[in-house]
Amino acid sequence: MTNTNWFSKDVISDRLTRICEPHVHKFFQANMFHVVGKDADLVIDFGMGLANLRNELHIPSGKPVFAVATHVHVDHVGSFHEFETRLGHAAEAEAFARMPDASTLADYFRTQPDAVNAADPTGVTPETYEILPAPLTRILEENDVIDIGDACYTVLHLPGHSPGSIGLLDQRTGEFFSGDAIYQGGLVDDLPGCNIEAYKVTMTRLSKLEVDVVHGGHGEKFGNARLHEIAKSYLISRNR
Ligand SMILES: [Zn+2]
Ligand SMILES: [Zn+2]
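Being a predicted model, the structure only gives us computed values, none of them experimental.

**Regarding the pairing of strand 2 (residues 16-20)**
- Of all the 5 residues making up strand 2, 5 are buried; the element is thus mostly covered by neighbouring parts of the structure.
- Here strand 2 shows two buried faces, one formed by Leu16, Arg18 and Cys20 and the other by Thr17 and Ile19.
- With 5 bridges joining them, strand 1 (residues 8-13) and strand 2 adopt antiparallel strand pairing. Bridging from a neighbouring strand, Ser8 pairs with Cys20 of strand 2.
- Where strand 1 hands over to strand 2, the hairpin turn is made up of 2 residues, counted between the paired strands.
- The sheet contact formed by strand 2 and strand 3 (residues 32-36) spans 4 bridges and is antiparallel. Each bridged residue has a counterpart across the sheet, and for Thr17 the counterpart in strand 3 is His34.

**Quick word on the coordination of the zinc ion (ligand 2)**
- Within the protein, Asp75 (OD), His76 (NE2), Asp180 (OD) and His218 (NE2) serve as the donor atoms for the zinc ion (ligand 2), at 2.1 to 2.3 Å.
- Coordination at the zinc ion (ligand 2) is irregular, judged from the 4 donor atoms that bind it and the angles of 90 to 158° they form at the metal.
- Between the donor residues of the zinc ion (ligand 2), the gaps in sequence give the motif D-H-x103-D-x37-H.
- Between the zinc ion (ligand 2) and the zinc ion (ligand 1), the interatomic distance is 3.5 Å, and Asp180 donates to each metal, bridging them.
- The class of Asp75 is buried, set by a relative accessible area of 6%.
- With relative accessibility at 0%, the residue His76 sits in the buried group.

Cut-offs applied
Residues numbered from 1 in each chain as written. Chains lettered and ligands numbered in written order. Predicted model: local features only at pLDDT ≥ 70, side-chain atom pairs only at ≥ 80, totals over all residues. Heavy atoms only, no water. Buried < 20%, exposed > 50% of the residue type's maximum accessible area, 1.4 Å probe, protein only. Helix = DSSP H or I, 4+ residues; strand = E, 2+ residues; numbered from the N terminus. Pairing = 2+ DSSP bridges. Donors = N, O, S within 2.8 Å, 3.2 Å for Na, K, Ca; no water. Tetrahedral: all angles 85-135°; square planar, octahedral: opposite > 155°, others 65-115°.

So, in structure tokens, the structure goes:
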């Protein structure tokens, strides 16, 4: 398999592309997003790191790139180290610097039967898999803003799935990148590092957030009504 074939690309608009790794087991198949901005590009999440992501984005040399990890889980940070300017939440800053299994949960991938269904271009096998450290160069907190020239993204701290989970919201257009805080499909709140009480607070917030479109950490995009529906059904299921 070539580096390029490892990824699939879904062109959502002339400024937004979603990238996936179709040969990775579905539990670890996460979305990566590339937003082309006027002054800088934004890359959100970094897959498994089983191929070089950066080369596939064809970013003009010299153009600034903000690489933002929504959280430190294995399926979102593999290629984070390929980028120079790395942003993530303060609550996971230490984890990004060392990538310990206790935070990334990479041990789940190593022991996953059929973790990949094709040989990856780097020749790494699940058994020998390691995540390269990617210390943050800018630490994010609630309400910080990432400006790419023609769009600004506000950081929302959305803990629960993990302590440092964040979302990025363009408050002008309502475009919302939500990471694993919310997406269509089975949400995860029972792994090490998850906190159901914190997740309930996050879901209460998301049940009232007004957006135009949500691009989640997994699965297909969805709209405002679905956002509220998913958040409310989580709250019902966890308040029983
Ligand atoms: Zn996750
Ligand atoms: Zn994930």
